Each structure stands twice: as C-alpha cells, then as structure tokens.
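Examination of the molecular architecture
Single-letter residue listing:
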Amino acid sequence: VTGVPRHMMPVRRLSLTDFRVKIGRGAREKTLKKALETDDTLKKWSETAWAKKLAAKKARANMTDFERFKVMVAKKKRSVEVKKALKKK
C-alpha cells in the first residue's frame with residue numbers, strides 16, 4: 001500500500017499522526033490494507049501539509065538541471081512583480 005515493507009521500527013523514530021485504523025495486534029498485511037482502504041486513511045494523509053511537504057521535497061530532489069533553472073527564472077519573475085506591486089502602494 002505505502003511501498004514500505006513491514007519491518008520492526010524503534011519507537012523513538014516513529015511520529016504520531018491523528019489518523020487511526022482499527023486493527024488487532026499482529027494483524028496480517030491483507031487486513032491492514034483493507035482497513036486503510038475502507039477508512040481512506042492514505043487519501044486523508046495525502047491532503048495534510050506534512051504529506052504535501054514530503055511530496056514537494058521528493059519532486060525537488062528528482063528535478064533535472066533545466067527544471068531547476070526554470071524554477072529559478074520563475075522565482076525571479078515573481079520577485080520582480082511583487083516589488084512592482086509594493087512600489088505602487
């Protein structure tokens with residue numbers, strides 16, 4: 001479902017969210033997938049600011065040199081427009 005295989009994880013490395021799924025202790029992967037799909041937990045997660053930030057970070061990491069250049073040019077254009085708007089006031 002998430003692309004991460006099930007494995008043991010130290011409690012210190014976990015971060016709690018507001019999402020809960022009602023499953024029993026030691027549930028099988030099939031049960032977990034079904035519970036996640038019925039509650040639309042992954043959809044709710046993808047709408048959070050945290051998930052959007054992670055997605056943006058991944059997108060930036062996968063950018064090519066030309067895409068980074070286009071972003072830089074767009075930021076410069078936006079900056080010029082903002083300065084013009086502020087100067088008028």
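Look a little higher up for the structure.
What you see is a predicted model, and the numbers here were worked out from it, not measured in a lab.

Thoughts on the packing of aromatic side chains
Using the criterion set out here, one finds 2 aromatic pairs in the structure. Measuring from centroid to centroid gives 5.2 Å for W45 and W50, while their planes differ by 70°, and the two rings are edge-to-face. In this structure W45 comes out as partly exposed when scored by relative accessible area, which is 25%. Under the relative-accessibility criterion, W50 is labelled partly exposed at 40%.

Looking at the environment of W50
Structurally, the position occupied by W50 is in helix 3 (residues 49–61). For the pair W50 and T17, spaced 33 residues apart in sequence, the C-alpha to C-alpha distance is 10.0 Å. Not counting residues within four places of it along the chain, the set of residues in contact with W50 comprises S15, L16, T17 and W45.

Quick word on a nonpolar patch on the surface
A cluster of nonpolar side chains, contributed by M9, V11 and L14, occupies part of the molecular surface with about 300 Å² of accessible area. With respect to the helices and strands, L14 occurs in the segment before helix 1 (29–38).

Description of the layout of surface pockets
In this structure, the largest pocket spans a volume of roughly 1300 Å³. As for the largest pocket, its lining consists of 25 residues, of which T2, V4, L14, S15 and L32 are closest to the centre. Of all the secondary structure elements, the ones that give two or more residues to the lining of the largest pocket are helix 1 and helix 2 (41–46). No other element matches the 4 residues that helix 1 contributes to the lining of the largest pocket. Residue composition of the lining of the largest pocket, grouped by class: 14 nonpolar, 6 polar and 5 charged.

A few points about unusual backbone geometry
The phi dihedral of D40 is positive, around 55°, even though this residue is not glycine. Within the element layout of this structure, D40 appears in the loop between helix 1 and helix 2.

Reading the values: the criteria
Residues numbered from 1 in each chain as written. Predicted model: local features only at pLDDT ≥ 70, side-chain atom pairs only at ≥ 80, totals over all residues. Heavy atoms only, no water. Phe/Tyr/Trp six-rings, centres within 6.5 Å; stacked < 30°, edge-to-face > 60°. Buried < 20%, exposed > 50% of the residue type's maximum accessible area, 1.4 Å probe, protein only. Helix = DSSP H or I, 4+ residues; strand = E, 2+ residues; numbered from the N terminus. Contact = heavy atoms within 4.5 Å. Patch = residues over 30% accessible without salt bridge, like charges linked within 9 Å, V, L, I, M, F, W, Y side chains within 5 Å. Areas by Shrake-Rupley, 256 points an atom, 1.4 Å probe, with all protein chains shown as cover. Salt bridge = Lys/Arg side-chain N within 4 Å of Asp/Glu carboxyl O. 1 Å grid on protein atoms, 1.4 Å probe; cavity = no way out; pocket = protein on both sides within 12 Å on 5 of 7 lines; lining within 4 Å. Points joined across faces, edges and corners; volume = space filled by probe spheres on them. Nonpolar A, V, L, I, M, F, W, Y, C, P; charged D, E, K, R; others polar.

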